[in-house]
Amino acid sequence: MIRKEITYSLNELNQIAKQILSSAQEHSTHVFAFYGKMGSGKTTLIKAIGNRLGVVDTVQSPTFSIINQYKLSDGGSIYHFDFYRLDKIDDAINIGVEDYLYSSDICLIEWPEIIEPLLPQNTLRIKIEILDNNTRKIIINALEESIDNNSSL
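Computed from a prediction, not measured in an experiment: that's the story for all the values here. (Residues numbered from 1 in each chain as written. Predicted model: local features only at pLDDT ≥ 70, side-chain atom pairs only at ≥ 80, totals over all residues. Heavy atoms only, no water.)

(A) Structural detail: the overall build of the chain. Of the regular secondary structure elements, the chain holds four helices and seven strands. The C-alpha radius of gyration of the chain comes to 14 Å, within 12% of the 15 Å expected for a compact globule of 153 residues. Residue pairs at least 24 apart in sequence account for 57% of intrachain contacts in the chain once pairs closer than 6 positions are excluded. When the accessible surface of the chain is split by element, carbon and sulfur atoms take 44% of a total near 7,600 Å². The positive charge centre, built from 14 side chains, and the negative charge centre, built from 20, are 6 Å apart in the chain. (Helix = DSSP H or I, 4+ residues; strand = E, 2+ residues; numbered from the N terminus. Rg over C-alpha atoms; globule rule 2.2 N^0.38 Å. Contact = heavy atoms within 4.5 Å. Areas by Shrake-Rupley, 256 points an atom, 1.4 Å probe, with all protein chains shown as cover. Lys, Arg positive; Asp, Glu negative; His and termini not counted. Charge placed at Lys NZ, Arg CZ, Asp CG, Glu CD.)

(B) Up close: the sheet that holds strand β6 (residues 124–132). Spatial ordering of the open sheet is given by β1-β7-β6-β2-β5-β4-β3, a layout of seven strands whose pairing is mixed. At either margin of the open sheet sits one strand with a lone partner, and together these are β1 (3–9) and β3 (67–71). Sheet twist, expressed as the average angle between the axes of neighbouring strands with direction ignored, equals 20°. Inspection of the sheet shows β1 paired to strand β7 (residues 135–141) by seven bridges, in the antiparallel sense. In the sheet register, Glu5 faces β7, and the bridge partner there is Ile139. Its contacts with the sheet put helix α1 (residues 13–26) on β1, β2 (31–36), β6 and β7, and the angle it makes with β1 is roughly 170°. (Pairing = 2+ DSSP bridges. Axes fitted to C-alpha atoms, helices over the stretch in contact; angles between N-to-C directions.)

This is the structure we're talking about:
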């Protein structure tokens with residue numbers, strides 16, 4: 001069981017990404033669910049995580065494509081999902097999200113609320129809160145329970 005709260009400035013993103021990846025390793029997970037309001041920095045944090053993992057592609061939000069695949073320098077791949085535009089869980093099921101979630105590939109998910117029932121129990125949940133223009137607080141939670149965007153984790 002993991003629960004951490006970290007306040008950081010935007011110039012500390014690389015260190016925060018390192019801490020998130022360390023938490024995932026401690027919890028033996030490859031699925032990361034990012035919660036937060038629009039503009040809180042979900043994609044920016046995912047870019048930093050991608051950089052730490054050795055992504056050789058440009059990381060950008062898959063808002064319209066729903067899913068982006070990024071190649072890693074070691075030849076592997078990670079998958080970046082954005083479920084903001086989905087209306088129902090069946091839309092995610094129809095694109096095969098469960099195949100990704102239960103593979104061994106790293107999955108980084110923005111707006112995971114709609115697929116919460118599909119997430120593996122050991123999903124690392126990261127809630128981002130805006131404190132000011134340059135400061136964020138993240139709550140990293142690996143409790144085996146679901147959350148919603150309005151909860152305090």
